[in-house]
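# Close look at the chain arrangement
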Amino acid sequence: MLQGGGPRESAEMTHKMSISLERGICCGFYGAMTPNLTIRGFEIYEGFLASGDQQTLVEELRALTAATPMVQPVTPSGKKMSVRMTSLGSKGWITDRSGYRYEAQHPNGLDWPAIPDSILSIWRAVSGVDRLPDCCLMNYYAEATRMGMHQDKDEANFDWPAVSVSLGDEALFRMGNDTRGGKTDSIWLRSGDVVVMGGSARLAYHGIDRIKFGSSPLLAKGGRLNLTLRVVD
Ligand code: MD3
Ligand code: FE
């Protein structure tokens, strides 16, 4: 365990207000756009989004996904996942009895909503690449939701990084190796933290062991919302 539950004042000094979501541009930016923690190639920007920007983003996402709601996916083997998911962008990640894949429509037949500029601004600020993501997968963790260790390999080119945004309750994020098993490191991700998975981290096994339900006031019903931005093809 590399980080516990203590305050992260230095992180907040470095990154809070690093982006204004309302204006969609970088401003009020106190330091270099560099992660304040790097573990196994995972670049962690603690406290990247200020709490007002987190609230704005959650409200925007609630409105955007009203017609393409979270669904509880089923694995190809028929097991219900505990996480609930929906997507934004030209492609969304889904799983059902037919397999894991990206699709252009929600299971209800509607196109996924476009990824808003507020989210693309986060990608522009930290990804280090010019191309924009095709998919923003939204994962919702209610109490007792977890995500087992896995790799993300349904995308065409693993040279592109992926970017994750944590909103709401704290989550214990476990980072492993490019093959299953072996030693791992874990960190508590908090609301407003951003993680960039590029290079060796892009194909590393990772998962969410548990959340601290009720630890954040951001989501009215509690729980955690994670956004992952991906280049699909
Ligand atoms: C994306 N989500 O959606 S985000 C997932 O917190 C996923 O909901 C976790 O793992 C969550 O696939 C972790 C961080 C993460 C880490 C490695 C990745 C996202 C990634 C590698 C490739 C693509
Ligand atoms: Fe993943």
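Residues numbered from 1 in each chain as written. Chains lettered and ligands numbered in written order. Predicted model: local features only at pLDDT ≥ 70, side-chain atom pairs only at ≥ 80, totals over all residues.

## Details of the sheet that holds strand 12 (residues 185–189)
Pairing is antiparallel in the open sheet, where 4 strands are placed in the order 9-14-11-12. Of all strands in the sheet, those with a lone pairing partner are strand 9 (147–150) and strand 12, marking the two edges. Sheet twist, expressed as the mean angle between neighbouring strand axes with direction ignored, is 25°. Examined bridge by bridge, strand 11 (residues 171–175) and strand 14 (residues 206–211) share 5 bridges and lie antiparallel to one another. Its bridge partner lying in strand 14, F173 is registered against I208. (Pairing = 2+ DSSP bridges. Helix = DSSP H or I, 4+ residues; strand = E, 2+ residues; numbered from the N terminus. Axes fitted to C-alpha atoms, helices over the stretch in contact; angles between N-to-C directions.)

## Focus: the sheet that holds strand 13 (residues 194–197)
Taken in spatial order, the 7 strands of this open sheet run 3-4-13-10-15-8-5, and their pairing is antiparallel. Every other strand in the sheet has two partners, leaving strand 3 (37–39) and strand 5 (84–89) as the edge strands with one partner each. Here the average twist between neighbouring strands, direction ignored, is 20°. The sheet contact formed by strand 3 and strand 4 (residues 42–45) spans 3 bridges and is antiparallel. Pairing of T38 across the sheet is with E43, part of strand 4. In the packing of helix 3 (residues 117–126) onto the sheet, contacts are made with strand 4, strand 8 (135–141), strand 10 (162–168), strand 13 and strand 15 (224–230), and the angle to strand 10 comes to roughly 130°. (Contact = placed C-beta atoms within 7 Å.)

## Things to note about the site of ligand 1
Taken together, 15 residues sit near ligand 1, with N139, D152, A162, S164 and N226 positioned nearest. When residues of the shell around ligand 1 are traced back to their parent elements, those giving at least two are strand 8, strand 10, strand 13, strand 14 and strand 15. The greatest single-element share of the shell around ligand 1, amounting to 3 residues, is contributed by strand 15. Its residues assigned to classes, the shell around ligand 1 shows 7 nonpolar, 5 polar and 3 charged. (Near = placed C-beta within 6 Å. Nonpolar A, V, L, I, M, F, W, Y, C, P; charged D, E, K, R; others polar.)

## Describing the nonpolar core
Counting residues in each nonpolar core, the largest one holds 42 residues, and the members touching the most others are I119, I122, V126, C136, V163, V194 and L229. Here this core takes 5 residues from strand 8, the largest share from any one element. Not counting the four nearest positions on each side in its chain, V126 is found in contact with M33, Y45, V163, V194 and V196. (Core = buried A, V, L, I, M, F, W, Y, C linked by C-beta atoms within 7 Å. Buried ≥ 20, exposed ≤ 12 C-beta atoms within 10 Å, placed from the backbone.)

## Observations regarding the pairing of strand 15
In terms of residue burial, strand 15 counts as a mostly covered element, since 6 of its 7 residues are buried. As paired elements, strand 8 and strand 15 share 7 bridges and run antiparallel to each other. In the strand pairing of strand 15, Y141 is matched with R224. Bridging between strand 10 and strand 15 involves 6 bridges; their strand directions are antiparallel. Counted as the bridge partner of S164 is T228 from strand 15.

## Section: the confidence of the model for the protein
When pLDDT is averaged across the protein, the result is 90; 86% of the residues are at 70 or more. When mean pLDDT is taken per element in the protein, strand 8 scores highest with 99 and strand 2 (residues 25–26) scores lowest with 37. Confidence drops under pLDDT 50 across residues 1–31; counting only partners more than four residues distant or on other chains, this segment forms 48 contacts. (pLDDT = per-residue confidence, 0-100.)

## Re helix 2 (residues 51–64)
In this model helix 2 runs 20 Å from its N-terminal to its C-terminal C-alpha over 14 residues, within 8% of the 20 Å that 1.5 Å per residue would give. Inspection of helix 2 places D53, Q54, L57 and L61 among the buried residues, and these make up the whole buried set. Angular distribution of buried residues about the axis of helix 2 spans 100°; they occupy a single face of the element. Those residues of helix 2 that are exposed and angled more than 90 degrees off the buried face are G52, E59, R62 and A63. (Expected span 1.5 Å × (residues − 1). Arc of directions from axis to C-beta.)

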